[in-house]
Amino acid sequence: MPSTTTDTATGPSPAPVGRRARKKAATRQAIADAALHLFLERGYDEVGIREIADAADVSTTTLFKHFPVKEALVFDEDSDQETRLLAAVRERPKGQSIPAALREHALTTRLAAADSDAGFTAFTNLVASTPALRDYAQNMWLRHTAALAQAIAEESGLAAGDPICAALAHFALETPRAAYAHDNPRKAITRAFDLLEHGWSALTQIKA
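Residues numbered from 1 in each chain as written. Predicted model: local features only at pLDDT ≥ 70, side-chain atom pairs only at ≥ 80, totals over all residues. Heavy atoms only, no water.

Q: Explain the pattern of salt bridges here, please?
A: Two side chains carrying opposite charge are able to pair once their charged atoms lie near each other. For the structure shown, the criterion picks out four salt bridges. In this structure, Glu155 and Arg92 form a salt bridge, with 3.0 Å as the shortest nitrogen-oxygen distance. Placement of the pair is Glu155 in helix α8 (residues 145-156) and Arg92 in the loop between α4 (78-90) and α5 (98-109), with a sequence separation of 63 residues. One salt bridge in this structure joins Glu104 and Arg103, with 3.1 Å as the shortest N-O distance. For Glu104, a relative accessible area of 32% puts it in the partly exposed group. (Salt bridge = Lys/Arg side-chain N within 4 Å of Asp/Glu carboxyl O. Helix = DSSP H or I, 4+ residues; strand = E, 2+ residues; numbered from the N terminus. Buried < 20%, exposed > 50% of the residue type's maximum accessible area, 1.4 Å probe, protein only.)

Okay, structure coming up:
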């Protein structure tokens, strides 16, 4: 999946990565790059697993060691996506509400902006036009619901098991998929998050 963020943070240098780990990461990236290139060129349903393996110069066995299902080839940054999702809440600007932070995350990572680079736009169009990828992407995002709910609770000073935290997390992750069907997905996402914003404010004031 094309990266849409730039990490400018400074801090301790990461521990050196061993040669074996570097080779494994390079193989995984080569497979993902080959798959995305073929999918964008010919369409997801028109490309077979063996074709991808041949293009990446690996065996199908090696391919499946890195990507257990075909859909996963398109979403090779699943763990990184959760990290950025939680950071959107924990590192939001002072004074910004949690729903507003999640709205900005949805607009910038799950919907191609008008000024996005061509690669990201092509990627999001591929996902939006392929039912299998849309479903896989949504299930991928919903896997992060529990972690997001915990982050929301921590940032709000609410109990970890508070149902309103789980509800906000679920709706925030579900909203972009519902917006895809609209003529103006960006407007649909914004309107949906306006509803979440008002409801969240009312509920947290009551809790306080």
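That covers the picture; the talk isn't over yet.
Q: How should I be thinking about unusual backbone geometry in this particular structure?
A: Glycine aside, a negative phi is what most residues show, and trans is what most peptide bonds show. You will see that Asp57, though not glycine, has its phi angle at about 60°, which is positive. With respect to the element layout, Asp57 can be found in the loop between α2 (49-56) and α3 (60-66).

Q: Help me understand the nonpolar core in this model?
A: In summary, soluble globular proteins display a tendency toward joint burial of nonpolar side chains. Grouped together as the largest cluster of nonpolar side chains are 54 residues, with contacts concentrated most on Phe39, Ile52, Leu73, Leu102, Leu148 and Ile152. When neighbours within four sequence positions are excluded, Leu148 is seen to be in contact with Leu85, Leu86, Val89, Leu102, Ala169 and Leu173. (Core = buried A, V, L, I, M, F, W, Y, C linked by side-chain atoms within 4.5 Å. Contact = heavy atoms within 4.5 Å.)

Q: What is the right way to read the packing of aromatic side chains from this model?
A: What characterises a pair of aromatic rings is the spacing of the ring centres plus the angle enclosed by the ring planes. Going through the model one piece at a time under the given rule, you end up with three aromatic pairs. Measuring from centroid to centroid gives 6.0 Å for Phe75 and Phe123, while their planes differ by 75°, and the two rings are edge-to-face. Here the residue Phe75 occupies a position in the loop between α3 and α4, and Phe123 occupies one in helix α6 (residues 118-128), the gap between them amounting to 48 residues. With relative accessibility at 7%, the residue Phe75 sits in the buried group. Classification of Phe123 by relative accessible area gives buried; the value is 3%. Centroid distance Phe75 to Tyr136: 5.5 Å. Interplanar angle 20°. Geometry classified as stacked. Remark: Tyr136 occurs in helix α7 (residues 131-142) and Phe75 occurs in the loop between α3 and α4; sequence separation between them is 61 residues. The ring of Tyr44 is capped by Lys70, whose NZ or CZ atom sits 4.2 Å from the centre of that ring. (Phe/Tyr/Trp six-rings, centres within 6.5 Å; stacked < 30°, edge-to-face > 60°. Lys NZ or Arg CZ within 6 Å of the ring centre and 35° of its normal.)

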